[in-house]
Amino acid sequence: MTQSQGFALRTSSSSKARLPVGMSGLLCYTVAMPELPDLEVIKEFLRDHVVGQEIAEVEVVRPIVVRNLAGGDFSTRLTGQRIEQVSRRGKFLVLTLDSGDYLVISPMLAGRLHYAPRRERRLRKTFVILHLADGMDLRYTDAKTMGKVYLTGDLAQVPGFAELGPEALDPNLTLDLFKERLRKYRGEIKGVLTRQSFVAGIGNAYADEICWQAGVYPFRKRPRLSDEEIARLYEAMREVLNEAVAILRERVGADIHVEIRDFLKVHGRGGQPCPRCGTTISQIKARGRLTNFCRQCQPGSLIRGRPAWG
Ligand SMILES: [Zn+2]
């Protein structure tokens, strides 16, 4: 079953991973990076299912993703510890253990957690397995081997953690604060939205969704955005992420290793009609990643200073 692989970009019209229009051969784009909504829902699931559990045994199938910053042997140190809390910060999942250690999952492009009974067959590229005392496993799989599993007594030791900006859905992140934080960034707005030091939790897919929702061309430079456009981006950020969390909460269930992206409006939908105006959704590769947008709803130009599309 394709679903068991968990890392294919899924669309409503096809159960197979589908290559975006004009991107044949770039298989990397069939991988969807977990972002705030995905990880928020996984966090909620794990809170209900693994908090209070003891780690009975640890199996490191391939140590390549493991970063033990706590000292000693990774498996020995983890064994016998109880999971006290599960939290999320940006695109990190944090398991707080009863010794005060933290097990931090940074899925990067393709890391997934698989929650399954011990007897269930492992997914391809399963690297680390926590055998829990209740007979369930929490497994880390990674099709791209780019993610990391950190063990540390100090979260600030985890690369990128201390630099994280406020959570995108933090109620304290007001429009005024959003504007103020935005001021120091001068690059293209999509790139700014995905900077974890600006706001934590947004990646490539949801940045496209936010720009589309706000009607802002993703490659507009931040200084060229009006106050009104910035306000629209702020509102869109809240709306898009809250809506995605609500949808995923309904649909993910125990299949936390499966990424659901078929409800997105523009990302991964190049060549299909824009749900707002019917214009064919554009798709370009820029800055090493795929961007989808609607030329009609999000007018702009790739060439600075030159108007495009009327
Ligand atoms: Zn449109």
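Use the structure listed above.
I will try to describe carefully the structure that is included in this document. Quantities reported herein were computed from a predicted structural model and do not represent experimental measurements. All residue numbers refer to positions counted from 1 along the written sequence of the respective chain. Reporting in this predicted model follows two pLDDT cut-offs: at least 70 for local features of residues, and 80 or more for side-chain atom pairs to be given and counted; totals over whole chains, interfaces and linings ignore these cut-offs and use all residues.

**Here's the deal with the environment of arginine 139**
- Only runs of H or I of at least four residues qualify as helices and only runs of E of at least two qualify as strands under DSSP, and these elements are numbered from the N terminus. Of note, arginine 139 is situated in strand 8 (residues 136-142).
- Through-space distance from the C-alpha of arginine 139 to that of threonine 126 is 6.7 Å; in sequence the pair is 13 residues apart.
- Excluding anything up to four places from it in sequence, arginine 139 contacts Leu113, His114, Ala116, Arg122, Thr126, Val128 and Ile129. By the criterion used throughout, residues are in contact when their C-beta atoms, derived from the backbone, lie within 7 Å.

**Digging into helix 2 (residues 36-49)**
- Working rule for helices: expected span equals 1.5 Å times residues minus one. Compared with an ideal rise of 1.5 Å per residue, which puts 14 residues at 20 Å, helix 2 spans 20 Å between its outermost C-alpha atoms and is within 8% of the ideal.
- Counting other C-beta atoms within 10 Å of a residue's C-beta gives its exposure: the residue is buried at 20 or more, exposed at 12 or fewer, and partly exposed in between, where C-beta atoms are placed from the backbone. Turning to helix 2, its buried residues are Leu36, Pro37, Asp38, Leu39, Glu40, Val41, Ile42 and Leu46.
- Its buried side turned inward, helix 2 meets strand 3 (83-89), strand 4 (92-97), strand 6 (111-117), helix 6 (204-214) and helix 7 (227-251).

**A few points about the sheet that holds strand 4**
- Read from one edge of the open sheet, five strands run 2-9-5-4-3, paired in mixed fashion. What marks the edges here is a single partner per strand, and that holds for strand 2 (66-68) and strand 3. Each neighbouring strand pair of the sheet contributes to a mean axis angle of 15°, computed without reference to strand direction.
- At least two bridges found by DSSP between two strands are what make those strands a pair. As paired strands, strand 3 and strand 4 are joined by six bridges and run antiparallel to one another. In the sheet register, arginine 88 faces strand 4, and the bridge partner there is leucine 93. Inter-axis angles, ranging from 0 to 180 degrees, are taken between N-to-C directions of lines fitted to C-alpha atoms, where helices are fitted over the stretch in contact.

**A word on the sheet that holds strand 1 (residues 55-60)**
- Overall, antiparallel pairing links the four strands, which are arranged 1-7-8-6 in an open sheet. Since the sheet does not close on itself, it has two edges, and those belong to strand 1 and strand 6, each with one partner. Recorded for the sheet is a direction-independent mean angle of 15° between the axes of neighbouring strands.
- With five bridges connecting them, strand 1 and strand 7 (residues 126-132) associate as antiparallel partners.

**Observations concerning the packing of helix 4 (residues 175-182) against helix 7**
- The interhelical angle for the contact between helix 4 and helix 7, taken along N-to-C directions, is 115°, at an axis separation of 10 Å. Between helix 4 and helix 7 lies a crossing whose hand is right-handed. When helix 4 is examined against helix 7, the residues Leu175, Phe178, Lys179 and Leu182 are found in contact with a partner set consisting of Ile230, Ala231 and Tyr234.
- In terms of residue class, the contact of helix 4 with helix 7 is built from six nonpolar, no polar and one charged. Crossing handedness: left-handed means the near helix sits turned counterclockwise from the far one by under a right angle, and right-handed means the same turn made clockwise. Amino acid classes used here: Ala, Val, Leu, Ile, Met, Phe, Trp, Tyr, Cys and Pro are nonpolar; Asp, Glu, Lys and Arg are charged; the rest, including Gly, are polar.

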